[in-house]
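Topology and contacts: notes
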Amino acid sequence: MENIFDFDSVGISEDNSKVIILDQTLLPGKEKFIEINTLPELTEAIVNLRVRGAPAIGVAAALGIAVILKGSKNNNISDLTAELEEISEQLINSRPTAVNLKWAIDKIKAKFFESVRVSDGNITRIIESTIEEARNIKNADIAMSIKIARNGLTLLKPGMSILTHCNAGHLAVSRFGTALAPIYLGNSEGYDFKVFADETRPLLQGARLTAYELHKAGIDVTLICDNMASLVMAQKKIDVIMVGCDRIAANGDVANKIGTSALAVLARHYKIPFYVLGPGSTIDMQTATGDKIIIEERPEYEITDLWYAHKMAPEGVKVYNPAFDITPASLITAIITDKGIFRYPFDFSI
Ligand code: MRU
């Protein structure tokens, strides 16, 4: 593909029979799209990060549920409802930290039940409105990304150098992403930003995905290992840090890719603004503080084996692989959403 914006990482076929996903596990080496129309395929793609990034997971789940219901053999409402509940349960547990997954599933379920009430048991109509809702979720994602880009850009100046972690760009969200959104918008307006991308151990979303999409978009990107961030900040190479988020607690504590909180601690030390960017749907008012957020733990081999020709740790050694961490609200300069910019102490009710 020539241009990064020529494709979306998640989409749906014209006849609504398949979800189409750019397999992110194969990037940057191979740009391959896969088609999904069953629950095992969808769950596998989410668990194994073929589709990843909080908003993209939500969109994939919404489109996936609609496609699975369309292909369902259940032809009465009670069986179809039972199937929907089973799909939802399995998907919500597939990646527990990002709230966007639950948010999207809840929206699809609400639409399904609303159309059951108003459609006199017409299954075709119920399924059509579920598909429409899933398509709306995807389109809303695009609009959200553009608003975040505009809001974020108001805090940036031309020529700034920005450090980012993991991948919160086009691959993680339709259109501009979240953390990378102001960078794409700014560069299209001549801001000439420079970006430092953490490689993001252990799954290398920074090296494989952020470096891939920014480089492909012609943006000046420099890759560093996670443990180089402090030196790069001390050398005054970073003006601002911008990261995405998987869940924002009501008090402003933020769950994001493991390593994010370390950057926030460093940012405070070096007096560098630390911005979190995400959709309003990532704010979870049901979760009071970050310590209540479930942190996904992933398999040992991602640390010991995945990128190596042979195992890089002694057989049988204990491994701990949490996928996310919590950045305390007090270390965050501002949370930039499609609904506006919030500053510490955070009050999202306004
Ligand atoms: O495990 P991943 O790759 O899904 O983790 C992704 C992140 O942590 C992103 O920063 C977050 O989901 C925001 S994406 C706009």
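The coordinates are above.
Residues numbered from 1 in each chain as written. Predicted model: local features only at pLDDT ≥ 70, side-chain atom pairs only at ≥ 80, totals over all residues. Heavy atoms only, no water.

So, the overall build of the protein
- Within the protein one finds ten helices and 14 strands.
- The C-alpha atoms of the protein give 20 Å as radius of gyration, which agrees with the globular expectation for 350 residues (20 Å, within 12%).
- Its C-alpha atoms give the protein principal-axis dimensions of about 65 × 55 × 45 Å.
- Per-residue burial for the protein yields a buried fraction of 55% across its 350 residues.
- Of all intrachain contacts in the protein linking residues separated by at least 6 positions in sequence, the fraction that spans at least 24 positions is 75%.
- Surface exposure of the protein reaches about 15100 Å², of which carbon and sulfur atoms provide 52%. (Helix = DSSP H or I, 4+ residues; strand = E, 2+ residues; numbered from the N terminus. Rg over C-alpha atoms; globule rule 2.2 N^0.38 Å. Buried < 20%, exposed > 50% of the residue type's maximum accessible area, 1.4 Å probe, protein only. Contact = heavy atoms within 4.5 Å. Areas by Shrake-Rupley, 256 points an atom, 1.4 Å probe, with all protein chains shown as cover.)

Brief notes about empty space enclosed by the protein
- Within this structure, the stated rule accounts for three cavities of 30 Å³ or more.
- Looking at the largest cavity, it is lined by 24 residues, and the ones nearest its centre are Arg 52, Gly 53, Ala 54, Asn 167 and Asp 246.
- Sorting elements by how many residues they give to the lining of the largest cavity places helix H2 (residues 54–70) first, with three residues.
- Looking at the lining of the largest cavity, its residues break down into eleven nonpolar, nine polar and four charged.
- Residue assignment places the lining of the largest cavity across two domains, with domain 1 (10–146) and domain 2 (151–343) each supplying three or more. (1 Å grid on protein atoms, 1.4 Å probe; cavity = no way out; pocket = protein on both sides within 12 Å on 5 of 7 lines; lining within 4 Å. Points joined across faces, edges and corners; volume = space filled by probe spheres on them. Nonpolar A, V, L, I, M, F, W, Y, C, P; charged D, E, K, R; others polar. Domains from an automatic or database assignment.)

As for helix H6 (residues 181–188)
- H6 sits mainly inside the fold: six of its eight residues count as buried.
- Residues Ala 181, Pro 182, Ile 183, Tyr 184, Leu 185 and Gly 186 constitute the buried set of H6.
- Those residues of H6 that are buried lie in contact with helix H5 (123–153), strand S4 (161–164), strand S5 (194–198), helix H7 (205–216), strand S7 (240–243) and strand S10 (274–277).
- Gly 190 sits one or two residues past H6 and shows a positive phi near 85 degrees.

Some words on the pairing of strand S13 (residues 334–337)
- Side chains Ala 334 and Ile 336 project from S13 onto one buried face, and the interleaved Ile 335 and Thr 337 project onto a second face that is buried too.
- Two elements, S10 and S13, share three bridges in a ladder whose sense is parallel. The residue bridging Tyr 275 from the neighbouring strand is Ala 334, located in S13.
- Sheet topology note: the S13/strand S14 (residues 340–343) ladder contains four bridges and is antiparallel. Across the sheet, the residue bridging to Ile 335 is Phe 342, located in S14. (Pairing = 2+ DSSP bridges.)

A short note on the nonpolar core
- Membership of the largest hydrophobic core comes to 38 residues, with the highest contact counts inside it found for Val 10, Ile 21, Val 51, Ile 65, Leu 69 and Leu 91.
- Counting residues per element, the ones that place at least two in this core are strand S1 (10–12), strand S2 (19–22), strand S3 (33–36), helix H1 (39–47), H2, helix H3 (77–92), helix H4 (99–118) and H5.
- Sorting elements by how many residues they give to this core places H2 first, with twelve residues.
- When neighbours within four sequence positions are excluded, Val 10 is seen to be in contact with Val 19, Ile 20, Ile 21, Val 51, Ala 56, Val 59, Ala 60, Leu 63 and Lys 138.
- Of all hydrophobic cores here, the second largest spans 29 residues; its members include Leu 153, Leu 156, Ala 179 and Leu 180. (Core = buried A, V, L, I, M, F, W, Y, C linked by side-chain atoms within 4.5 Å.)

Considering the pattern of salt bridges
- According to the stated counting rule, one finds 15 salt bridges in the structure shown.
- One salt bridge connects Glu 44 with Arg 50, and the closest N-O pair in it is separated by 2.8 Å.
- Residue Arg 50 is classed as partly exposed on the basis of its relative accessible area of 21%.
- Close ionic contact of Lys 111 with Glu 114 constitutes a salt bridge, the shortest N to O distance being 3.6 Å. With Lys 111 and Glu 114 both in helix H4 and three residues apart, this pair spans about one turn of that helix.
- We classify Lys 111 as partly exposed; its relative accessible area is 23%.
- A cluster of three or more residues bridged by salt bridges with shared partners is formed by Arg 95, Glu 296, Arg 298 and Glu 302. (Salt bridge = Lys/Arg side-chain N within 4 Å of Asp/Glu carboxyl O.)

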